[in-house]
Amino acid sequence: EKFSRPVSIIRRFFFIFKMLENITNKITGIFQSLSNKGAITEKDLETTLREVRVALLEADVSLKVSKDLIKNIQEKAIGQKVIENVQPGQQVVKIVSDELTEILGTQSSELNFKNKPSVFLMCGLQGAGKTTSVAKLANYCQKSLNKTVSLVSTDLRRPAAIEQLRILAKGNNIQFIEPESNNVEEIVKNAINQSQKLLSDILIIDTSGRISTDDELLSELKTIYQMAEPQENLLVLDSMMGQQALSVVEAFNNTAPLSGFILTRLDADPRGGVALSAKYQTGLPIRFFGSGENIEDFEVFHPDRIASRILGMGDVVSFVEKAQKDFDEKEMENLQSQMMSGKFSINDLLKQFLQMKKMGGMSGMMSYMPGVSKIKNMMENNDFDEKVIDHQIAIIRSMTKEERVEPDLLKASRKRRIASGSGRQVHEVNRLLKQFEQTKKLMKQAQKPGFANKLKGLLGGNQMPTIE
């Protein structure tokens, strides 16, 4: 991946990683038992890989995939010489990461744009997030690939699905083709004709979702598939589905041959068990995954990065990409200049809260960070609530312009007024002001020599990430 600014965005938002101060090791948990050993023995691996196998099964990876993966890791790791300055535990993690990446696929798979319009079929069970994924894929194709897209729904069993897709299309400037018939075949035929007249590059067809893979659903899907002759037939899979996903994949693939998968709710379960099982069983690529509720929360599936997330080592590259996409570059340049000069106001803090919301809140950002499981535990143990950011935004917006610039004006009476205006408590106003002062102190520290080394610790590594 090529970036014009190596790690500038991460440096600009170093205060966001304040909560990571105690997370200094990328490799923790089950791999710690191998640290400080001169060689990797069969006995060492036996204990460690047993725990790895349990972790995979708990992540809903199928038994066959787990067995094969552990066998391959064991064969490659036994007797391996320790590389100078690299801990054996780290070497094993590298082997595990390589094996996970091999199973998930060695590279991202491109969409097929053979015809115009290229027809993409979307199938899946009800509740998997299929209709939302249709809109997300359309938005991605228009904004990232510069393609024109038309949408149509053939879900006649759930009228709300048609209305949902219509609203999503209208709200995001995507062409929606009205289903002017109660016959699925006529809807598909009309949609293809209309998309040709509109000169659309892509036609995405949303199909019916049912609670289970019943014969009626599959028969209808087969009819649509034969009529549309799609370039892509993508199955939307809920990452939380577990072992049931394998039977769903098999039923859909036997009815209408699939070309790949889209995973949803990967933000809710970043372990990726369904991804491993589906890819291993079919050999088909995982194209995209949904990482939130917003239409922009849709990412290309990079096998190596997901393998890193499964191992709890985070995905800083994707974080930087998301930051580059979501952040206003000019605004960030101005803010960086103010921060480095020590001119940091409550207005600037408000801008940061709004940017954090744009990136999916604290939990959304932390899903990319090394040690994500520790972070989640820490947040849970401290009763962290995502709504805290909303509360802080409300408090700041209840302040006057003068108070945001000169927080020293905030005496008891003003704090009571702000608390009342924001629907919060005075102690929450005090907590926000304390956070502001701590952030200012961190700004000053950033201007001192040696701060870069401290930042390395916050990011959980011995070296700053290099992105070229």
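Please read these numbers as outputs of a predicted model, since none were measured by experiment.

Basis of the calculations
Residues numbered from 1 in each chain as written. Predicted model: local features only at pLDDT ≥ 70, side-chain atom pairs only at ≥ 80, totals over all residues. Heavy atoms only, no water. Helix = DSSP H or I, 4+ residues; strand = E, 2+ residues; numbered from the N terminus. Buried < 20%, exposed > 50% of the residue type's maximum accessible area, 1.4 Å probe, protein only. Contact = heavy atoms within 4.5 Å. Areas by Shrake-Rupley, 256 points an atom, 1.4 Å probe, with all protein chains shown as cover. Pairing = 2+ DSSP bridges. Salt bridge = Lys/Arg side-chain N within 4 Å of Asp/Glu carboxyl O. Core = buried A, V, L, I, M, F, W, Y, C linked by side-chain atoms within 4.5 Å. Polar contact = N/O pair within 3.5 Å; in protein donor to acceptor, adjacent residues only side chain to side chain. Axes fitted to C-alpha atoms, helices over the stretch in contact; angles between N-to-C directions. Parallel < 35°, antiparallel > 145°, perpendicular 65-115°, else oblique. Left-handed = near helix turned anticlockwise from the far one by under 90°. Nonpolar A, V, L, I, M, F, W, Y, C, P; charged D, E, K, R; others polar. Phe/Tyr/Trp six-rings, centres within 6.5 Å; stacked < 30°, edge-to-face > 60°. Lys NZ or Arg CZ within 6 Å of the ring centre and 35° of its normal. pLDDT = per-residue confidence, 0-100.

1. Digging into the overall build of the protein chain
Each helix and strand counted, the protein chain has 21 helices and eight strands in total. Taking all 468 residues of the protein chain together, the buried fraction comes to 51%. Taking contacts inside the protein chain between residues at least 6 apart in sequence as the whole, the part at least 24 apart equals 75%. For the protein chain, the accessible surface area stands at approximately 22800 Å², while carbon and sulfur atoms represent 46% of it.

2. As for the pairing of strand β2 (residues 149-153)
Looking along a regular strand, one sees the side chains alternate between the two faces of the sheet. Of all five residues in β2, five are buried; the element is thus mostly enclosed. Both faces of β2 are covered, namely the face carrying V149, L151 and S153 and the face carrying S150 and V152. Alignment of β2 against strand β4 (residues 202-206), held across five bridges, turns out to be parallel. Paired with S150 across the bridge in β4 is L203.

3. Topic: the pattern of salt bridges
Opposite charge on two side chains allows them to pair when their charged atoms are near. Scanning the entire structure with this criterion turns up 15 salt bridges. With a closest N to O distance of 2.8 Å, D206 and K130 form a salt bridge. Of this pair, D206 sits in strand β4 while K130 sits in helix α5 (residues 130-143), placing them 76 residues apart in sequence. Here the two residues D206 and K130 agree in accessibility, since each one is buried. One salt bridge connects R158 with D155, and the closest N-O pair in it is separated by 3.9 Å.

4. Describing unusual backbone geometry
Each neighbour pair has its own omega, and for K116 with P117 the value is 0 degrees, a cis peptide bond. Relative to the assigned elements, P117 resides in the loop between α4 (88-104) and β1 (118-123). Positive phi is not limited to glycine here, since N146 has a value of about 60 degrees. Looking at the secondary structure, you find N146 in the loop between α5 and β2. In the Ramachandran plot, L199 falls in the positive-phi region, its phi being about 60 degrees despite a non-glycine side chain. Note that L199 resides in the loop between α7 (184-197) and β4.

5. Focus: the nonpolar core
Soluble, globular proteins show a tendency: their nonpolar side chains are buried together. Core analysis: the biggest nonpolar cluster contains 54 residues, and I205, L235, L237, F252, F261, L263 and L276 have the highest contact counts within it. Top contributing element to this core by residue count: α4, with six residues. In this structure, L111, V134, I262 and F298 belong to the second largest nonpolar core, which totals 23 residues.

6. Description of the environment of E220
Along the polypeptide, E220 turns up in helix α8 (residues 215-228). The class of E220 is buried, set by a relative accessible area of 15%. Those residues within four positions of E220 in sequence are excluded, and the remaining contacts are T154, R157, V184 and S208. Separated by 3.0 Å, the side chains of E220 and S208 make a polar contact.

7. Comments concerning the packing of α5 against helix α6 (residues 159-171)
Interhelical geometry of α5 versus α6 gives an angle of 25 degrees and a closest axis separation of 10 Å. Looking at the two axes, α5 sits roughly parallel to α6. Viewed along their axes, α5 and α6 form a crossing whose handedness is right-handed. Between α5 and α6, the residues in contact are T131, T132, V134 and A135 and A161, Q164, L165 and L168, respectively. Taken together, the residues of the contact of α5 with α6 break down into five nonpolar, three polar and no charged.

8. Remarks on the packing of aromatic side chains
Two numbers describe a pair of aromatic rings. These are the distance of the centres and the angle of the planes. The full count for this structure, using the stated rule, is five aromatic pairs. Here the aromatic rings of Y140 and F288 are separated by 5.0 Å at their centres, their planes lie at 65 degrees, and the arrangement is edge-to-face. Note that Y140 is positioned in helix α5 and F288 in strand β7 (residues 286-290), a separation of 148 residues in sequence. Neither residue differs from the other here; Y140 and F288 are each classed as buried. Residues F289 and F301 carry aromatic rings whose centres are separated by 6.2 Å and whose planes lie at 90 degrees to one another, so their mutual orientation is edge-to-face. With F289 in strand β7 and F301 in the loop between β8 (298-300) and α11 (303-310), this pair connects stretches of sequence that are twelve residues apart. When its relative accessible area of 1% is taken as the criterion, F301 is described as buried. A network of ring pairs unites the aromatic residues Y140, F288 and F298 as a single cluster. The cationic tip of K147 hangs over the ring face of F113; the distance from NZ or CZ to the ring centre is 4.6 Å.

9. What about the environment of L49?
Residue placement: L49 occurs in helix α2 (residues 42-58). We classify L49 as buried; its relative accessible area is 2%. The sequence separation of L49 and V92 amounts to 43 residues, and the corresponding C-alpha distance is 9.8 Å. What L49 contacts, discounting residues up to four positions off in sequence, is I70, I73 and Q74.

10. Considerations on the confidence of the model for the protein chain
Residue-level pLDDT values for the protein chain average 75, and 66% of them are 70 or greater. Note that pLDDT drops below 50 for residues 368-384; the model gives that stretch 43 contacts with residues more than four away or on any other chain. Taken as a whole, residues 455-468 scores under 50 in pLDDT and shows 38 contacts with residues more than four places along the chain or in a different chain.

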